[in-house]
Amino acid sequence: MSLVLEPPPPLPKSAAQLKRRFTSIRTALPPASHQLRSSRFPLIPTFSSRPTVTAVLKSEKEKTVVTQQKDPPVRIVAVVGEGSVSPLKCATWEEVMLHTAKRMKWVDEGYEMVVFTDNFQQSSNQTAMDLQKELACADILVVVAVTNQDSVKWIQTNGESIPNIICFESNPGLVNKLGGSYIYSEMKSSVFDKIVGISQPQKTKEVVQTVSEAWDRHNSDDIRFCLLVIINAYIQPVPVLKNLRSKGFSTLNCMVKNCGPQILDCLMDPNCRKALQCLNKCSPVDQVCNYRCIASYESPKLEAFSLCVLQKNNCLDLDAKIPEKPYVQPMRKFRGKDLCHETAEDMFVGWLGSLDWSWRVVAGQNPAYDQFPCQYQLFYRGKAKGSFWYEPVFQVRSLEGEMVWRRRKYRVKRANVPGTFYFSVLDNGVVSNEFWTIVDVCEDFSWGLFHYHGAARVAGQSYTGAVLVSPDGAYPKQTQASRLSTALEKCGIKEWELYTVDNCSCQDPPLGIPQGSSLHSVVDISNYASLVLMALFISIVATMQWGGVGMRDSALGDWIISLLIHLYPFLKYNRDSKKIVTEQNKNIDKIIET
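To keep things clear, this report deals only with the structure shown in the data block. This is a predicted model, so every value here is computed, not measured. (Residues numbered from 1 in each chain as written. Predicted model: local features only at pLDDT ≥ 70, side-chain atom pairs only at ≥ 80, totals over all residues. Heavy atoms only, no water.)

1. Remarks on the packing of aromatic side chains
No. 1: Applying the stated criterion across every chain, the model contains 27 aromatic pairs.
No. 2: Seen from their ring centres, W357 and Y376 are 5.3 Å apart, and the 65 degrees between their planes marks the pair as edge-to-face. Linking W357 in the loop between α10 (341–349) and β13 (359–364) with Y376 in strand β14 (residues 376–381), this pair joins segments that are 19 residues apart in sequence.
No. 3: A relative accessible area of 16% means that W357 is categorised as buried.
No. 4: Between Y390 and F423, the ring centres sit 5.7 Å apart and the planes meet at 65 degrees, which makes this aromatic pair edge-to-face. Taken as a pair, Y390 in strand β15 (residues 388–397) and F423 in strand β18 (residues 420–427) lie far apart in primary sequence, 33 residues in all. The burial state of Y390 is the same as that of F423; both residues are buried. (Phe/Tyr/Trp six-rings, centres within 6.5 Å; stacked < 30°, edge-to-face > 60°. Helix = DSSP H or I, 4+ residues; strand = E, 2+ residues; numbered from the N terminus. Buried < 20%, exposed > 50% of the residue type's maximum accessible area, 1.4 Å probe, protein only.)

2. Section: the state of the cysteines
Here, disulfide denotes a covalent bond that connects the sulfur atoms of two cysteines.
No. 1: Evaluation of the coordinates by the stated rule reveals six disulfides.
No. 2: C282 shares a disulfide with C289; S-S distance 1.9 Å. The chirality of the disulfide connecting C282 with C289 is left-handed, given an S-S dihedral of about -70 degrees. C289 carries the same exposure label as C282, and that label is buried.
No. 3: Paired by a disulfide, C374 and C506 hold their sulfur atoms 2.0 Å apart. An S-S torsion of about -85 degrees defines the bridge between C374 and C506 as left-handed. Here C374, found in the loop between β13 and β14, pairs with C506, found in the loop between β22 (499–500) and α12 (525–546); they are 132 residues apart in sequence, far enough to count as distant.
No. 4: Counting its disulfide-bonded cysteines in sequence order, the protein chain shows a connectivity of 1-10, 2-9, 3-4, 5-8, 6-7, 11-12. (Disulfide = S-S within 2.5 Å.)

Right, dumping it as structure tokens:
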């Protein structure tokens, strides 16, 4: 037999009279049926054009066949103040929201987002009509930095039928709405700061808190996250937000049956108990909040708890997948030759051997994992044949204000295409699997850009990110700006999305690699860097002689010595490794000492 499930019929939204003009910016053309789509929040019965879901039920021995069409598109309209500037390195809100529209497509192709500015003077009647049509079938209206009183009145009139409205940094006269119900707050300048007035359901309070905290972090991931939270709560499930909430009795039974000792040990341990209390205050889908709790209070007891409850027994029944988008191509050539696996690994190894680390992180894109201070990367080949390892070392400012060092250890395996790799790590009892891409590395190893997709499967967390690296943690020179911009564009990242890592106070990092490890295979970075510096020094001396300037000219002499001292740490050999220092480095040592 068959069972047909039909949703309640929707109501067409009435279009209000056109009163103002807007400028629009589209990111995708709507489907042909765009103007015929009805509201998700019907008031009276009407015919429904939404797809039906048919379930074919068979005997227990037969395989159940379920045929289901995709969910209808989710329509999002964003209206931003003309020329308004965001806190994201002074990028305009128009640029930020346009980029958000592209990033929403990485989650689901069915998310249709259009962006308008409230420009009254330079727009056309047709543009204003386009905005009105978009609002007539919108599921979510996002208003950002709109303060013009005429714009506010127009939005109030034409957005009245939209079930979800969120207003950020806009005129207090604009009211927020979730699931068709108005949300009132004491402070309306940014978003729902504190719910007052009518009683709100617990679900609404949780959504309000999650969206407010995410928006206040001011980054591109969390702006998109705000929209996904609302879609997940009021429109349709978002698979990437399948969260860590208990599934009721089945979860409790799994935990007690399989992990009783680990639960008791965790509750008796102060750090582990603090971690659980901290996690309980976070939204289950807020990766930034959750990982900060874990990094602040990590302990062996917490690792044992997570290993049992999540990794071994998957008591929350989660199965996050590594994101497939954006697709990022690795660099094809390096120093004029086709990139091979050995060279790609050497690019990861980077400066290790000449310095105590491979790379230092300059900036990162992911707000949960790339913003920590003092990030050092250690890449090296292990003792076993073909083994390769990655150990990041970084600082965490705990929730109690203490600065602590943390370290992880990833197993790295080559993917099919040179410049791509599979990473895996056990992080506080939970395995994360990641796919890394070497997007670009400068020929002189002065900077590099690495992109990654990842998922902690049993924790229900999927993520993407990228790290910009250099030998000293300093930003690449301005001469590299165009090349860096191109590399970021390959990742679908704008430069204003990057967090600048605090590399100021990095005392006594716990570096070092296991004895018996090996480093470069085909690329000799120390000799290359030394030759570059020697060539620079010879060029300077030749220029001085040609210009009639002597080595004893105090100003120029001081400048040369300052230059050598600045570059010296990148070429000085790590004496702890007890290997032979190259002749070039010996010569530099003599120059510096002189």
